[in-house]
Amino acid sequence: MKIFPVIFLALATVCHAQTEGPSVGIEGRLNVLLPPPALKAKPPERNAALTLRIASAEVRGEFIQYDLRYMGLVPGNFDLRSHLLRDDGAPTSDLPPLRVMISGVLPYGHNGELNPTRDAPLAKPPSYRWLIGGAAALWALAAIPLFFIRRGRAQLVEKSATAAPPTIADRLRPLVASASTGKLSGDQQAELERLLLAHWRKRLDLENLAPAEAMPRLREHPEAGALLRALEDWLHRRPGTVKVDLETMLAPYRNTPTS
């Protein structure tokens, strides 16, 4: 059972090596399924002919699926095993060949000379009178849409001046939606926590406390801690397994404008 994925992988890599790969300077991709222990990419060497990075590594039963990204600096055939290391220091020579091909930008056997080009005949310049007339016509045509654009901008500014300011819920909604689907970045998580901290410190009269002291109190509060506790729960779940009613979750923030 353990040999079959490795044999399958070896056949897949041979087929990959026989096809034309990415050209020099273009990143290529190879998905492979290998047995443990885990692998890591070697640090790039100076003047190396190929660089390799591991975009992702996911456990698939008794094996690990790797997303290998490589970029060749010279054309040729390469074995990615020589650019990998095991975490435990063991050699990678027992792995099946991970061959890739880097194609050259220039055709095979090119001598490096530049091909001559034919000079295109110079176009005869138009008459000066026609240039003046054409410019005047273009200016007249451009004046019509400019009038409507300026009028539309004035109406948009007038509407935005009378529109209600955004609420805390408006700013939290895209962040909470990303968090519930597991797509919240580190910067977005910091922005979400900052908004919640600023909102509840003012409402619960905790502005005299440092953020590190105020955050534990907010987590314990029945209303303020609901979203914080949910956020921590989402971060420990598999993306896409949480169903969230955004409007119910954001109800406490709906009528509070941003400061």
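Refer to the structure above for everything that follows.
Residues numbered from 1 in each chain as written. Predicted model: local features only at pLDDT ≥ 70, side-chain atom pairs only at ≥ 80, totals over all residues. Heavy atoms only, no water.

(A) Inspection of the overall build of the protein chain at higher detail. Check the secondary structure of the protein chain and you find 7 helices and 7 strands. What you see in the protein chain, going N to C, is helices and strands ordered as α-β-β-β-β-β-β-β-α-α-α-α-α-α. Buried residues in the protein chain amount to 25% of all 259 residues. Counted over contacts in the protein chain with a minimum sequence separation of 6, partners at least 24 positions apart contribute 64%. Looking at the protein chain as shown, the accessible area adds up to about 18,500 Å², and 59% of this sits on carbon and sulfur atoms. (Helix = DSSP H or I, 4+ residues; strand = E, 2+ residues; numbered from the N terminus. Buried < 20%, exposed > 50% of the residue type's maximum accessible area, 1.4 Å probe, protein only. Contact = heavy atoms within 4.5 Å. Areas by Shrake-Rupley, 256 points an atom, 1.4 Å probe, with all protein chains shown as cover.)

(B) Up close: the sheet that holds strand β4 (residues 63-72). Pairing within the open sheet is antiparallel, and its 3 strands lie in the order β1-β4-β3. Looking along the sheet, the strands with just one partner apiece sit at the ends: β1 (27-34) and β3 (50-60). Each strand of the sheet is rotated relative to its neighbour by a mean of 20°, with strand direction disregarded. Pairing of β1 with β4 involves 8 bridges; the strand directions are antiparallel. By the bridge assignment, Glu27 is partnered in β4 with Met71. (Pairing = 2+ DSSP bridges. Axes fitted to C-alpha atoms, helices over the stretch in contact; angles between N-to-C directions.)

(C) A look at the nonpolar core. Core analysis: the biggest nonpolar cluster contains 25 residues, and Leu172, Leu192, Leu196 and Tyr253 have the highest contact counts within it. Put simply, the parts of the chain that give this core at least two residues each are α3 (168-180), α4 (186-203), α5 (211-220) and α6 (225-235). Per-element tally for this core: the top contributor is α3, with 6 residues. What Leu172 contacts, discounting residues up to four positions off in sequence, is Leu192, Leu195, Leu196, Leu227, Leu250 and Tyr253. Grouped together as the second largest cluster of nonpolar side chains are 17 residues, Leu30, Val32, Leu50 and Tyr66 included. (Core = buried A, V, L, I, M, F, W, Y, C linked by side-chain atoms within 4.5 Å.)

(D) View of the pattern of salt bridges. With the rule as written, the count across this model stands at 10 salt bridges. One salt bridge connects Asp67 with Arg29, and the closest N-O pair in it is separated by 3.0 Å. Of the two residues, Asp67 sits in strand β4 while Arg29 sits in strand β1, which places them 38 residues apart along the sequence. We note a salt bridge from Asp170 to Arg173, for which the minimum N-O separation is 3.4 Å. (Salt bridge = Lys/Arg side-chain N within 4 Å of Asp/Glu carboxyl O.)

Purely spatial values, then, with no claim about function.
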